[in-house]
Amino acid sequence: MSTTTRIILNLGLILTLMIGPTLTVHAQEPESPQVRITQVDNSNFPNVTVYVSATNDAGEPVGIDPSTIEIYENGQLMQLADVQGGGDVASEESIPVTTMLVFDISGSMDKNDKITSAKEAAKSYVSQMRPGDQAGLIAYDTNVYTVQPITTDAAALTAAIDGLQTGSDTAMYDALMQAVTALESASGRKAILVLTDGMDNQSSNTADTVIAGIGSSGLTISAIGFGDVAASGQSGLDEAGLKSLSEGAGGIYAYASSADVLASLFQQQSRVLQSEYQLTYVSPFTLRDGVNRNLTVALTGSP
């Protein structure tokens with residue numbers, strides 16, 4: 001059996017990446033890994049680099065035989081030129097990851113001391129960084145603050161997280177746009193992980209403008225909600241919006257109901273990113289003709 005995921009690749013003159021709604025076809029066996037494309041880098045087209053995660057039903061990374069990974073472009077099987085990473089997060093073969101942590105410091109984060117729980121969760125993410133990994137920290141309330149530019153220095157990141165203080169309203173989409181810009185010069189696997197406890201009420205940007213700004217080298221945005229899903233108005237959590245944002249940017253959405261769950265989600269995100277596979281192929285469609293292509297990854301049995 002195979003598990004597949006499909007995205008849309010725009011091979012146009014500008015060569016921007018368009019990630020459409022993800023279609024996942026689950027294998028019948030419950031123990032079968034679920035594979036999905038998380039990022040596509042077509043900045044060196046016709047060389048295309050695809051990042052793939054393999055997880056179990058609980059969202060935890062699992063190791064798979066790289067020879068069973070197949071990439072299809074417009075239904076045509078691609079010949080892989082290079083495969084790296086995968087499985088064991090401690091492996092020397094694993095690929096480095098650049099993460100921008102985007103952190104809600106609006107006034108509501110003081111309620112039930114959510115800010116302290118969020119800091120501890122973010123620090124647990126930083127503590128799992130490996131040599132070669134790097135991360136940065138952007139915080140937002142009414143305004144957006146680059147608290148720590150991208151660095152490999154875990155101690156500097158931890159200090160930056162500890163120094164966060166709450167402010168006023170929420171400008172999440174503006175913060176995400178700043179994060180996208182900050183990651184433009186980063187190469188390889190790059191991801192944004194945003195934490196929020198409420199609705200955006202200050203941004204000039206929207207989810208659509210953020211996704212449109214991702215560009216040809218790609219990145220993913222995953223969101224963790226840590227607010228009150230039962231509340232209405234600005235005090236509530238916009239789960240529908242966060243899910244749509246994450247799906248449109250190739251990431252996932254998760255909800256944390258407690259400090260322990262929040263820390264577990266941050267740690268799981270780290271493990272999944274660190275265990276991804278990096279696959280490179282040369283597209284046979286070498287013209288930048290502005291026509292969208294379907295990219296599909298399939299996991300099959302050993303040949």
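A short tour of the structure in this document, coming up. All values reported here derive from a predicted model rather than from experimental measurement.

### Some words on unusual backbone geometry
Between Phe45 and the following residue, Pro46, the backbone shows a cis peptide bond with an omega angle of 15°. Its place among the elements puts Pro46 in the loop between strand E3 (34–44) and strand E4 (47–55). At Asn112, a residue that is not glycine, the phi angle is positive and equals roughly 55°. Examined against the element boundaries, Asn112 turns out to sit in the loop between strand E8 (97–104) and helix H1 (114–127). With a phi angle near 55°, Asp113 is a residue other than glycine that sits in the positive phi range. Examined against the element boundaries, Asp113 turns out to sit in the loop between E8 and H1.

### Some details on the pairing of strand E11 (residues 189–196)
Taken across its 8 residues, E11 has 8 buried, putting it largely inside the fold. In E11, alternate side chains face the same way, and those of Arg189, Ala191, Leu193 and Leu195 on one face and Lys190, Ile192, Val194 and Thr196 on the other are all buried. With 7 bridges connecting them, E8 and E11 associate as parallel partners. Counted as the bridge partner of Val102 is Val194 from E11. Crossover E11 to strand E12 (residues 220–225) through helix H4 (residues 207–212) is right-handed.

### Quick notes on the pattern of salt bridges
Under the defined criterion, the tally for this structure stands at 6 salt bridges. Note that Glu120 is salt-bridged to Lys123, the shortest N-O span being 3.1 Å. With Glu120 and Lys123 both in helix H1 and 3 residues apart, this pair spans about one turn of that helix. Overall, the relative accessible area of 45% leaves Glu120 in the partly exposed class. Of the charged contacts, one joins Asp133 and Arg130 as a salt bridge, the two residues approaching to 2.7 Å between their closest N and O atoms. Each of the two residues, Asp133 as well as Arg130, counts as buried. The structure contains a network of salt bridges with shared partners spanning Glu120, Lys123 and Asp162.

The rules behind these values
- Residues numbered from 1 in each chain as written.
- Predicted model: local features only at pLDDT ≥ 70, side-chain atom pairs only at ≥ 80, totals over all residues.
- Heavy atoms only, no water.
- Helix = DSSP H or I, 4+ residues; strand = E, 2+ residues; numbered from the N terminus.
- Buried < 20%, exposed > 50% of the residue type's maximum accessible area, 1.4 Å probe, protein only.
- Pairing = 2+ DSSP bridges.
- Right-handed = clockwise from strand over helix to strand, strands pointing away.
- Salt bridge = Lys/Arg side-chain N within 4 Å of Asp/Glu carboxyl O.

Interpretation note: all reported values are geometric properties and have no functional meaning in isolation.
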